[in-house]
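# Fold and geometry: a report
Letter by letter, the chains look like this.
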Amino acid sequence: MPTFDRLFAEHVATGLARQLALGDLIGERGWQLDLTGGTVVFGDDLRYRVQLLGTENHDDGSWLWAWANEASNLPPALLHLCGWLREYGHRQGVAELTEPTFALGRADGHRLALLASGLTGRCYYRGPYDGGAVFFHLDDAPPQITAPVRPERALSVLGQVIQSFPVDHRTVVESFLRQQSWRVDPAPTSVTAHHADGSTLRVDFDTLGRVSNMSGSVRP
């Protein structure tokens, strides 16, 4: 059965690519969450349906899944996605997706939301408030948010993931490129990938499996 860390490595880059695309769309707009209507509004012109994921409590350093937040009396219609993740966690034996609450040092909201994004095909938003933050996924984001990224952004995403998270580099590289529709040719110490537009990428790994070099050609 896969561990949380393995699943995260497989899906983090695709999740991050969607976050970058969402950031391009909403820019510096403010946000307002309407739990009764099940929507979020960014600025005064962007409105999307949401699915709740969970909350971070910064006072005690804990995560609470939305399905376990009985005190807030959350609308059941907004809990379908986190409920699906819970069932997925039961099937795969991933405790972080099934335990109602745990310390942020084990898995914080961003890591959980990035994994959920990769598994469900959605993007997410972190809404900060005094003492914590709420994480929710957009249920009807524009298709450009979840579409495969351009080759030049793929390189940037891989670089950001490798610098930001303690993940297995080869798992990240091969999983992300395949999810982004590259043809991947793995070798013992490298991965070569080809994009449909003619772009190519080669990633070399050192003896510890870490990325040592990325090179290639990107079509304009």
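Heads up: the structure comes first, above all this text.
Cut-off values and rules
- Residues numbered from 1 in each chain as written.
- Predicted model: local features only at pLDDT ≥ 70, side-chain atom pairs only at ≥ 80, totals over all residues.
- Heavy atoms only, no water.
- Core = buried A, V, L, I, M, F, W, Y, C linked by side-chain atoms within 4.5 Å.
- Buried < 20%, exposed > 50% of the residue type's maximum accessible area, 1.4 Å probe, protein only.
- Helix = DSSP H or I, 4+ residues; strand = E, 2+ residues; numbered from the N terminus.
- Contact = heavy atoms within 4.5 Å.
- Salt bridge = Lys/Arg side-chain N within 4 Å of Asp/Glu carboxyl O.
- Pairing = 2+ DSSP bridges.

Time to look at the nonpolar core. Counting residues in hydrophobic clusters, the biggest one holds 68 residues, and the most contacted among them are Leu 53, Trp 65, Leu 138, Val 161, Phe 176 and Leu 177. For this core, the element with the highest residue contribution is helix H1 (residues 4-26), accounting for 11 residues. Apart from residues lying up to four places away in sequence, Leu 138 is in contact with Leu 22, Val 40, Phe 42, Tyr 48, Arg 49, Val 50, Arg 122 and Cys 123.

This part covers the pattern of salt bridges. Overall, the coordinates contain 16 salt bridges when judged by the stated rule. One salt bridge connects Glu 174 with Arg 170, and the closest N-O pair in it is separated by 2.7 Å. Taken together, the positions of Glu 174 and Arg 170, both in helix H6 (residues 169-179) and 4 residues apart, correspond to about one turn of that helix.

Looking at the element boundaries, His 137 is found in strand E7 (residues 132-138). In this view, His 137 contacts Arg 49, Val 50, Gln 51, Leu 53, Leu 81, Ala 113, Ala 116, Ser 117, Arg 122, Cys 123 and Tyr 124; residues no more than four positions away in its chain are not counted.

Bringing the environment of Ala 147 into the picture now. Inspection of the secondary structure assignment puts Ala 147 in the loop between helix H4 (143-146) and helix H5 (151-164). Along the sequence, Ala 147 and Gly 54 sit 93 residues apart, while their C-alpha atoms lie 25 Å from each other.

It is worth spelling out the pairing of E7 at this point. Of all 7 residues in E7, 7 are buried, a share of seventy percent or more. Burial along E7 is two-sided: the face carrying Gly 132, Val 134, Phe 136 and Leu 138 and the face carrying Ala 133, Phe 135 and His 137 are both buried. The pairing of strand E3 (residues 46-57) with E7 spans 7 bridges and is classified as antiparallel. Bridging across to E7, Gly 54 finds its partner in Phe 135. With 7 bridges connecting them, strand E6 (residues 123-129) and E7 associate as antiparallel partners. Across the sheet, the residue bridging to Pro 128 is Ala 133, located in E7. Linking E6 back to E7 in an antiparallel pair, the connection comprises 2 residues, with Gly 131 at a positive phi of about 95°.

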